[in-house]
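Chain by chain, the residues:
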Amino acid sequence: MPNLLRGTSAGRPRVYDIALETISHGDGRVDPESLSRFVAAYQQVTTLKLGELWAIPIMLRLALIENLRRVAARLATTRHNRNQADAWADEMAETAETEPSNLILLVADMARSSPPMDSSFVAELVRRLQGQSPALTLPLTWLSQHLAESGQTIEQLVQFDTQQQAADQVSISNSIGSLRFLSAMDWREFVENMSMVDHALRKDPADTYTRMDFATRDHYRHVVEKIAKYSRLSEVDVADNAIRLASANATQAGAADRTKHVGYYLVGNGLLELERAAASRLPPLAALQRMGRSSPLGIYLGSILLLTLAATGVIVAKAYVDGVHEWLLALVALIALVATSQFALSMVNWLATLITIPRPLPRMDFSDGIPPESRTLVVVPTMLFTKQNIDSLSEALEIRFLANRDDNLRFGLLTDFGDAETETMPTDEAILERAKKNIDELNEKYRDTHGDNFLLLHRPRCWNAQEKIWMGYERKRGKLADLNAFLRGDAADAFSLIVGNTDGLTNVRYVITLDTDTELPRDSARKFVATMAHPLNRPQYDEKRQRVCQGYGILQPRVAVSLPGADASRYELLCGGETGIDPYTRTASDVYQDVFGEGSFIGKGIYDVDAFEHALHDRMPETGSLAMICSKDVMHVPAC
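The rules we used
Residues numbered from 1 in each chain as written. Predicted model: local features only at pLDDT ≥ 70, side-chain atom pairs only at ≥ 80, totals over all residues. Heavy atoms only, no water. Axes fitted to C-alpha atoms, helices over the stretch in contact; angles between N-to-C directions. Helix = DSSP H or I, 4+ residues; strand = E, 2+ residues; numbered from the N terminus. Parallel < 35°, antiparallel > 145°, perpendicular 65-115°, else oblique. Left-handed = near helix turned anticlockwise from the far one by under 90°. Contact = heavy atoms within 4.5 Å. Nonpolar A, V, L, I, M, F, W, Y, C, P; charged D, E, K, R; others polar. 1 Å grid on protein atoms, 1.4 Å probe; cavity = no way out; pocket = protein on both sides within 12 Å on 5 of 7 lines; lining within 4 Å. Points joined across faces, edges and corners; volume = space filled by probe spheres on them. Pairing = 2+ DSSP bridges. Core = buried A, V, L, I, M, F, W, Y, C linked by side-chain atoms within 4.5 Å. Buried < 20%, exposed > 50% of the residue type's maximum accessible area, 1.4 Å probe, protein only. Expected span 1.5 Å × (residues − 1). Arc of directions from axis to C-beta. Polar contact = N/O pair within 3.5 Å; in protein donor to acceptor, adjacent residues only side chain to side chain.

Undergrad: Explain the packing of helix α2 (residues 32–43) against helix α8 (residues 187–194) to me, and be specific about the residues and the numbers.
TA: It is the contact of α2 with α8, at a shortest axis distance of 11 Å, that shows an interaxial angle of 30°. The orientation of α2 relative to α8 falls into the category roughly parallel. For the pair α2 and α8, the crossing hand works out as right-handed. Counted together, Leu35, Ser36, Val39, Ala40 and Gln43 of α2 and Trp187, Phe190 and Met194 of α8 form the full contact between these two elements. In the contact of α2 with α8, the residues fall into 6 nonpolar, 2 polar and no charged.

Shown next as structure tokens:
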């Protein structure tokens, strides 16, 4: 941080001097209003850096502790002086009572010892001697004459001592109260209000910056700080450049173009353009990391190849030294190549997780609720077996709802029957009736003016000609495909039973899909939707490449295994602890997602309905030889 060059605080950070001045002007008292006015007045002359603003609470704590130390040191000196005064007063009182004639000698001894004639000593001595024996008038008279030589009086020093005690009491009280205030104050709001960089970024042409959550806004500001660190421009100038680039594209691009958002030039593909505009030069290590992110596939495969060849070379060289020749040496090389390739893959994956820096996705601020344009449906694709199974599903659905209540968030069960030899089973009707009853009870229990909060979408069994059995078409993938089509006004006949008011489902933009045993922690649904709704994360589909080229069609959160219960099975106890190499529960932290921004969808996460359907349209064509037949509507569909 910038240091002062001149003055009593030369060599110290200027933000520490600000803290000292703030405390000295308020006698240890710090409050939000006075602090904000003080910092705002300082920035009218010199703009503080972002790091300095975040350092203000730390510097204030240091200054307050220093103020307490200073007062405590003065109180210790005062107490020492009072003890000396008490000692002289006791000796004088005893002498006046036993040998009054020797009192003048005692006064002379005190004069020769040169006691500290400050207010504390004088006030304590006078308090102890006044109103006592008439003989004690002598030391009081001497004290008055001694003080008169320096232009002081006993009354002045006694009054000053009283005032000093009151001032110290107020200063200590203010300092301790201010330390409590510093611990309770929301410094995030203070930094944003005082930051000139934040004021500049709020001019975002896309009007997105102010609607993001604090973590994302703070990340943007830290990017500005990092660019300014390696540039001759100030942080405010870098932020102004980002706004200028965004404004230039806002006049050219369409309303939905992400390039009009200032974040495109801070955390998106426009970062290089902003760094060139700011003439920022990254240090060698940062430049090397940037190079690795620009061509991850080449570096990833090249590292595996080099490590494989190096390990194979060591094994072949050792075999050659041991006397292995001709065709046997080639066989050793071939076997070693296969073995070392797995070793190299594991090593590169391990090193990549250590080197790769996580990049959090930007997120909107939906703490006050999901907006109507981001309406979301939470579904649990599952199967119905027994009434107890249905009760457990309904209870779990209610728990998810209570943890994520929102007017634009609905919850549903997406169900099939279990496999059977016939299309219908005798227990099917009772099971469906129980499921319908549970959903109706939930809707009645949590009645909402916006419509039913709970839905049940049930599909009939279809004939699988290959498996020779009646079953749900393509299980989970088939459920989600039918749901997406239903949300867009198609496949109304795919479901044999629909419970709950389906009005407004065609406006659902996102679907959060969960497994039966997957929990949805409190407010996590809003966080999912807030991340998907950010302009830089919205999927852009490339018609030529037939894939999402920018943004994300699916976001998959970190999946963890919950602690085993008391009645857990041996298998659950074995697998429920800390896992090793487990792609199922570590999917959100594997190399592919960290390095390439891609991964395998395991059926737990949030997806954009339109992008999902657009990307998968006609990707799984009908097969003429294998078909599933649903006798309800004689619908021919591909086999599972």
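What follows continues from the structure just given.
Undergrad: Account for empty space enclosed by the protein, with residues named and values stated.
TA: A full pass over the atoms with the stated rule returns 1 cavity of 30 Å³ or more. Reported here for the largest cavity is a volume of approximately 40 Å³. Of all elements in the fold, only β1 (376–384), β2 (409–417) and β3 (454–458) reach the threshold of two or more residues within the lining of the largest cavity. Examining the composition of the lining of the largest cavity, we find that 3 residues originate from one element, β2, more than from any other. Counted by class, the lining of the largest cavity contains 6 nonpolar, 1 polar and no charged residues.

Undergrad: Just give me the short version of unusual backbone geometry, but keep the residues and values in it.
TA: Residue aspartate 207 is not a glycine yet carries a positive backbone phi of 55°. Residues other than glycine seldom take positive phi values, yet glutamine 546 does so here, at roughly 55°. Here glutamine 546 shows up in the loop between β8 (540–542) and β9 (547–550).

Undergrad: Could you give an account of the sheet that holds strand β6 (residues 497–499), naming the residues involved and the relevant values?
TA: The 7 strands lie next to each other as β6-β3-β2-β1-β7-β11-β10, forming an open sheet whose pairing is mixed. Every interior strand has two partners, whereas the edge strands, β6 and β10 (554–555), have only one. Bridge count for β1 against β2 is 9 bridges, and the pairing is parallel. If you follow proline 381 over to β2, its bridge partner there is leucine 414. Where helix α18 (residues 475–487) meets the sheet, it contacts β1, β2, β3, β6, β7 (510–513) and β11 (605–608), and its direction lies at approximately 140° from that of β1. In this fold helix α22 (residues 609–616) packs onto β7, β10 and β11, with an angle of close to 75° to the strand it touches most, β11.

Undergrad: Explain the nonpolar core residue by residue, including any values.
TA: By size, the foremost hydrophobic cluster in this structure holds 60 residues, and its most contacted members are Leu201 and Leu266. It is helix α11 (residues 235–250) that contributes the most residues to this core, 6 residues altogether. Leave out the neighbours within four places in its chain, and leucine 201 touches Tyr209, Tyr220, Arg221, Val224, Ala239, Ile243, Val262 and Leu266.

Undergrad: Lay out helix α17 (residues 428–445) in plain terms, naming residues and giving numbers.
TA: Given 3.6 residues per helical turn, the α-helix brings residues three or four places apart onto the same face. Along its 18 residues, α17 runs 26 Å from first to last C-alpha, staying within 8% of the 26 Å computed at 1.5 Å per residue. Within α17, burial applies to Asp428, Ile431, Leu432, Ala435, Asn438, Ile439, Leu442 and Asn443. Within α17, the buried residues cover an arc of 135° as seen down the axis, which keeps them to one side. Exposed side chains of α17 directed beyond 90 degrees from the buried face belong to Glu429, Glu433, Glu444 and Lys445. Its buried side turned inward, α17 meets β1, α16 (387–403), β2, β3 and β6.

Undergrad: Tell me about the side chain of serine 120, residues and numbers included.
TA: Within the secondary structure, serine 120 sits in helix α5 (residues 119–129). Owing to a relative accessible area of 2%, serine 120 belongs among the buried residues under this scheme. A distance of 2.9 Å separates a polar atom in the side chain of serine 120 from a polar atom in the side chain of aspartate 118. Sequence-distant contacts of serine 120, defined by excluding residues within four places in its chain, comprise Thr78, Asn81, Arg82 and Asp161.

Everything listed is a geometric property; what it means functionally is a separate question.
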